[in-house]
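Residues per chain are reported as follows:
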Amino acid sequence: MEAQELPCVLIDCIGGKHGVYEDHAEFLKERFCLITMKEYLENKNFLGKKIRAIYMWYHKPVINEELLQSLPNLKIVASSGVGIDHLDLSLLSSYGVKVSNTPFIVSTDTADLGMALMLASSRRLVEGHQMAISPDTEYFPADWLGAEVSGATLGIIGMGTIGYKVAERAKAFEMKILYHNRKQRNKEEERAVGATYCKKIDDLLQQADFVMLVVNLTPQTHKLIGKRELQLMKPTAILINISRGLVVDQDALVEALQNKVIKAAALDVTYPEPLPRDHPLLKLKNVIITPHIGSATVKTRHLMKENMTESIQAGLAGLPIPNEVLL
Amino acid sequence: MSTVMAEQDLPGLLIMGIGGTHGVQESLAALLKKHFSVITMKELLENKKEVGKKIQCIFVSEFRPTIDQELLESLPNLKVIGNSGVGVDHLNLKMISNFGVRVTNTPHAVADSTADMGMALMLASARRLVEGSQIAVSPDTNYFAADWLGVEVTRATLGIIGMGRIGYKVAQRARAFEMKILYHNRNRRSQEEEQAVGACYSEMEDLLQQSDFVMLVVNLTPQTEKLIGKKELGLMKPTATLINISRGAVIDQDALVEALQNKTIKAAALDVTYPEPLPRNHPLLKLNNVIITPHIGTATVQATHMMAEEAIANMLSVLNCQPIPSEVFPQ
């Protein structure tokens with residue numbers, strides 16, 4: 001098939017900090033006529049009409065009203081990852097543009113990272129590694145201890161696809177599992193992972209040794225965990241965030257960690273990302289931060305690309321769109 | 001009859017010390033004092049002749065106190081050495097046995113926390129957690145690169161070398177990550193046990209060739225010393241990670257350094273090395289595909305407490321001429 005017969009898809013760029021991976025671009029070019037933002041901006045009038053889909057990788061290109069107005073034939077935006085808090089769904093809908101994400105493919109990697117952060121924080125893995133390699137270390141002190149994960153109580157806030165996979169993993173560590181969710185799961189699902197529903201978030205916060213945030217970011221979950229919630233937690237508890245930075249009131253978290261209101265935090269997500277280099281969270285010894293790597297594995301990114309391609313192809317063919325995001 | 005024994009009636013127990021960086025934790029010392037008249041090394045050394053006679057047990061924790069011929073000669077009434085922890089490779093079992101002294105360990109208390117550590121190291125290594133945390137806090141970081149990736153743990157293949165109590169608990173945990181589990185052991189487990197965790201018995205070579213993660217969970221014995229050497233590392237996939245939660249000497253460390261430098265294997269995560277700590281100029285400390293933790297497999301409040309309790313039960317059983325739950329014998 002000649003290049004110009006392939007449907008035109010807008011991407012931000014190839015390679016560099018946030019661009020589509022070179023090897024992914026090869027795959028996409030076999031199916032689409034890829035147009036980078038640079039190419040588009042150089043020839044807006046001609047290319048604007050040709051673009052029928054946007055392949056949104058790492059939240060780029062940024063979609064605003066101006067862009068939507070210049071792409072009269074845009075049918076679908078395929079966004080990488082599960083979060084869609086960066087998209088204005090009403091705006092897109094008003095232009096008749098459909099949206100897809102990749103909710104299922106990220107679930108096991110993200111659940112794995114949640115477990116990794118819980119274990120690393122509880123066992124003080126990063127601190128321990130630093131001690132093991134430090135030029136000043138002469139011996140390993142006997143009074144250097146962490147806390148056990150096995151048999152402890154895990155409170156999962158947000159028991160969607162990812163939260164449930166966290167519960168499946170935690171069960172194997174004989175953890176007691178509490179969960180809080182908009183909707184209670186059915187009895188079979190609860191029994192399969194040994195999870196107990198806490199209708200009131202307070203009950204979960206007061207009992208958990210580990211509190212893991214696995215919700216979407218929505219207006220309802222914005223600053224879900226603030227000063228009040230942190231104070232309800234045990235002083236020996238650890239907060240783990242694999243959802244979005246804005247789910248936590250960051251200033252309240254800093255205060256809680258400094259005042260030993262909670263014991264530690266492990267955060268794959270912050271607001272913003274990265275944090276300013278002078279942010280207090282970067283200096284606290286009882287905090288592990290990872291650079292938003294919840295779905296950062298070779299295999300999963302590869303599958304994301306395939307999912308997004310399928311969604312675009314279905315959208316352009318007028319067929320039911322896999323992983324469509326509805327308003 | 002008084003139910004509270006006067007302290008001097010309790011059997012004498014020698015420990016390294018109480019508190020600080022080398023002593024037994026205060027809370028554990030308090031636990032020991034319920035059953036024993038606790039004597040520190042310092043107290044013994046101040047009056048070897050008098051105090052030495054009183055000691056019937058030694059509680060060895062974090063390999064201290066060191067048990068040598070001189071110490072054993074000064075303790076004529078010593079009956080048992082209760083080790084905190086399961087590994088006893090730091091004890092000269094033959095020499096101790098020649099003095100008519102029994103040795104016990106704590107295989108039950110260590111299992112959960114050590115299995116957890118194995119999982120923690122595997123996950124941290126696969127997802128590049130330590131590297132990632134360094135990027136997240138580095139003063140030079142001004143963006144998070146999109147192409148910075150780790151590898152999946154879910155549905156990968158885990159090869160467990162040593163399927164004892166700890167190895168089996170690792171398998172139970174790994175199963176929840178839908179991992180394909182291969183294992184190698186002196187003795188094959190029963191079919192039921194294998195099925196319960198979805199583990200397949202493998203010959204060493206097959207395990208090494210097929211695994212994405214190889215985890216060492218054996219005792220250190222003359223048979224397992226340098227179990228993993230140049231040949232074994234050469235059999236592993238170049239994308240594989242080696243995890244060690246057993247003893248440093250199970251790996252030929254020089255061969256490991258070479259394999260990591262030449263990308264024969266992808267990464268290593270080690271809770272144990274030989275010696276501990278490594279010399280500060282050791283190449284393992286500088287490789288960025290290596291995570292080292294300071295032998296913290298059982299370093300939790302809960303595990304150390306359980307180990308002390310298990311050691312106490314072992315030692316009391318010897319003094320009371322009852323069946324000994326966990327005695328270890330010279331090979």
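Residues numbered from 1 in each chain as written. Chains lettered and ligands numbered in written order. Predicted model: local features only at pLDDT ≥ 70, side-chain atom pairs only at ≥ 80, totals over all residues. Heavy atoms only, no water.

Colleague: It is not clear to me how the overall build of chain B should be interpreted in this structure. Could you clarify?
Modeller: From N to C terminus, chain B includes 13 helices and 13 strands. In terms of C-alpha radius of gyration, chain B reaches 22 Å, essentially the compact-globule figure of 20 Å for 331 residues. Seen through its C-alpha atoms, chain B measures out along the principal axes to roughly 70 × 55 × 35 Å. Taken across its 331 residues, chain B has 57% of its residues classed as buried. For chain B, long-range pairs separated by at least 24 residues make up 63% of all intrachain contacts whose partners lie at least 6 apart in sequence. Summed over all atoms, the accessible surface of chain B reaches about 14700 Å², with 50% contributed by carbon and sulfur. (Helix = DSSP H or I, 4+ residues; strand = E, 2+ residues; numbered from the N terminus. Rg over C-alpha atoms; globule rule 2.2 N^0.38 Å. Buried < 20%, exposed > 50% of the residue type's maximum accessible area, 1.4 Å probe, protein only. Contact = heavy atoms within 4.5 Å. Areas by Shrake-Rupley, 256 points an atom, 1.4 Å probe, with all protein chains shown as cover.)

Colleague: Help me understand the UniProt feature "domain: D-isomer specific 2-hydroxyacid dehydrogenase NAD-binding" (unreviewed entry) in chain A in this model?
Modeller: Summarizing the sequence annotation, UniProt attributes the feature "domain: D-isomer specific 2-hydroxyacid dehydrogenase NAD-binding" (unreviewed entry) to residues 115-294 of chain A in the numbering used throughout. Overall, residues 115-294 of chain A shows 32% helix and 16% strand. The separation of its end C-alpha atoms is 11 Å. (UniProt positions renumbered as here; feature names shortened; annotations may be inferred.)

Colleague: What's the story with the packing of helix α1 (residues 26-33) of chain B against helix α13 (residues 301-319) of chain B in this structure? I'm lost.
Modeller: Helix packing for two helices is described by the angle between their axes and how far apart those axes are. Residues and elements named next belong to chain B. Where α1 contacts α13, the axes come no closer than 10 Å and their chain directions differ by 20 degrees. For the element pair α1 / α13, the angle class is roughly parallel. For the pair α1 and α13, the sense of crossing is right-handed. Contact residues: α1 offers L28, L31 and L32, while α13 offers T304, H305, A308, E309 and I312. (Axes fitted to C-alpha atoms, helices over the stretch in contact; angles between N-to-C directions. Parallel < 35°, antiparallel > 145°, perpendicular 65-115°, else oblique. Left-handed = near helix turned anticlockwise from the far one by under 90°.)

Colleague: Help me understand the UniProt feature "domain: D-isomer specific 2-hydroxyacid dehydrogenase catalytic" (unreviewed entry) in chain A, please; the structure alone is not making it clear to me.
Modeller: Under the UniProt annotation, "domain: D-isomer specific 2-hydroxyacid dehydrogenase catalytic" (unreviewed entry) lies at residues 24-325 of chain A. Annotated as residues 24-325 of chain A, this span is 38% helix and 15% strand, and its ends, taken at the C-alpha atoms, are 23 Å apart.

Colleague: Quick question: what am I supposed to make of the packing of helix α6 (residues 111-126) of chain B against helix α8 (residues 165-175) of chain B here?
Modeller: All names here are of chain B. Interhelical geometry of α6 versus α8 gives an angle of 55 degrees and a closest axis separation of 8 Å. What the angle tells us is that α6 and α8 run oblique. For α6 against α8, the interelement crossing comes out right-handed. On the side of α6, the interface is formed by A111, D112, T114, A115, D116 and M119, while α8 contributes R165, I166, K169, V170, R173 and A174. Classifying every residue of the contact of α6 with α8 by side-chain character gives six nonpolar, one polar and five charged. (Nonpolar A, V, L, I, M, F, W, Y, C, P; charged D, E, K, R; others polar.)

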